[in-house]
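# A closer look at the structure
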Amino acid sequence: MSTISDAQHVDEQNEDIPIVKSITVDRTLTKQQSDEMIAIARNFYAFWNTGKEEYLRASVSENFFDNTLPNGRPQGFKGILFASANFRKSVPDLHCSMEDLIITGDKIVCRQIYTGHNTGPTAGHPASGNTIEFFAIDILHVRNGKVYEDWHLEDNLTFLQEAGVVKLK
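Quick summary incoming for the structure in this document. Quantities reported herein were computed from a predicted structural model and do not represent experimental measurements.

### Let's talk about the nonpolar core
One finds Tyr45, Trp48, Val60, Leu101, Ile103, Ile108 and Tyr114 to be the most contacted residues of the largest nonpolar core, which totals 38 residues. In this structure Trp48 touches Ile80, Ala83, Ser84, Arg88, Leu94, Cys96 and Tyr114, once residues within four positions along its chain are discounted.

Here is the structure:
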């Protein structure tokens, strides 16, 4: 594994696409393979950063399968669109940063930080107006240049606390 800077992979900065703070790439991958995997990851997280479907189409297979599907979310490609649209109702200014990106074989692992402000209702509760900051970790499997399945874990408890839905003593 080798760690590189994202600046080595960005010719023009597109504000939609988060800059990766740390990228670790399996040394057995060719430069072309690692560049392709990084581009897939950058497009996938540009979708989460903006909600723009064009980035999702560039990075995710129409036959996508979510292995950690939350209750109420449709399976597949449409489920990702559903999740983003619904989350943006609660946090319209949602921003995704890519903290750690690990590329190996056919897998992308990414630790993200999501920030914004809870200015819309969350789970039937009125907006708190609070600043939101929580993490997520994804394991994405890639085939034929697209993410075809994933496992993900979000810090939903922190989000729900920040949104005023859950109060812990």
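### Some details on the packing of aromatic side chains
Within a pair of aromatic rings, the relevant descriptors are the distance that separates the centres and the angle that separates the planes. Tallied over the full model, the rule gives 6 aromatic pairs. Consider the rings of Tyr114 and Phe134, whose centres lie 5.5 Å apart with planes at 20 degrees: the pair is stacked. On the criterion of sequence distance, the pair formed by Tyr114 in strand 5 (residues 107–117) and Phe134 in strand 6 (residues 131–143) is long-range, its members being 20 residues apart. Phe134 gets classed as buried once you look at its relative accessible area, which sits at 6%.

### Some points on unusual backbone geometry
Notably, Ala123 is not glycine yet its phi reads approximately 50 degrees, a positive angle. Owing to a relative accessible area of 62%, Ala123 belongs among the exposed residues under this scheme. The phi torsion at Asn144 lies on the positive side, around 55 degrees, for a residue other than glycine. Along the chain, Asn144 falls in the loop between strand 6 and strand 7 (146–154). You can call Asn144 exposed: its relative accessible area is 74%.

### Comments concerning the side chain of Ser84
Within the element layout of this structure, Ser84 appears in helix 3 (residues 77–90). Leaving out residues up to four positions away in the same chain, Ser84 has contacts with Phe47, Trp48 and Gly51.

### Here's the deal with the state of the cysteines
Within the structure shown, the criterion is met by 0 disulfides. There is no disulfide at Cys96, and the cysteine sulfur nearest it, in Cys110, is 6.6 Å away. Cys96 gets classed as buried once you look at its relative accessible area, which sits at 0%.

### Looking at the packing of helix 1 (residues 31–50) against helix 3
How two helices sit against one another is set out by the angle between their axes and by the gap between those axes. Helix 3 packs onto helix 1 with a crossing angle of 35 degrees between their chain directions and a minimal axis gap of 9 Å. Contacts between helix 1 and helix 3 involve Phe47, Trp48, Asn49 and Thr50 from the former and Ile80, Leu81, Ala83, Ser84 and Arg88 from the latter. Grouping the amino acids of the contact of helix 1 with helix 3 by side-chain chemistry returns 5 nonpolar, 3 polar and 1 charged.

### Here we look at the environment of Phe65
On the secondary structure map, Phe65 appears in strand 3 (residues 60–66). A residue is classified by how much of its surface remains accessible, and Phe65, at 40% relative accessible area, is partly exposed. Once the C-alpha coordinates of Phe65 and Gly129 are considered, the two residues, 64 residues apart in sequence, prove to be 34 Å apart. Ignoring anything within four residues of it in the chain, the contact list for Phe65 reads Gln75, Tyr148, Glu149 and Asp150.

### Some points on the environment of Phe77
In this fold, Phe77 is placed in helix 3. Separated by 17 residues in the primary sequence, Phe77 and Val60 have C-alpha atoms spaced 7.3 Å apart. The residues touching Phe77, leaving out its near neighbours within four places in the chain, are Glu53, Leu56, Arg57, Val60, Ser61, Glu62 and Phe64.

### Here we look at helix 3
Between its first and last C-alpha atoms helix 3 spans 21 Å; for 14 residues at 1.5 Å apiece the expected length is 20 Å, and the two agree. For helix 3, the set of buried residues is Phe77, Gly79, Ile80, Ala83, Ser84, Arg88 and Ser90. Taken around the axis of helix 3, the buried residues stretch over an arc of 165 degrees, which confines them to a single face. In helix 3, the exposed positions angled more than 90 degrees off the buried face are occupied by Lys78 and Lys89.

About the cut-offs
- Residues numbered from 1 in each chain as written.
- Predicted model: local features only at pLDDT ≥ 70, side-chain atom pairs only at ≥ 80, totals over all residues.
- Heavy atoms only, no water.
- Core = buried A, V, L, I, M, F, W, Y, C linked by side-chain atoms within 4.5 Å.
- Buried < 20%, exposed > 50% of the residue type's maximum accessible area, 1.4 Å probe, protein only.
- Contact = heavy atoms within 4.5 Å.
- Phe/Tyr/Trp six-rings, centres within 6.5 Å; stacked < 30°, edge-to-face > 60°.
- Helix = DSSP H or I, 4+ residues; strand = E, 2+ residues; numbered from the N terminus.
- Disulfide = S-S within 2.5 Å.
- Axes fitted to C-alpha atoms, helices over the stretch in contact; angles between N-to-C directions.
- Nonpolar A, V, L, I, M, F, W, Y, C, P; charged D, E, K, R; others polar.
- Expected span 1.5 Å × (residues − 1).
- Arc of directions from axis to C-beta.

Distances and angles like these do not, on their own, reveal function.
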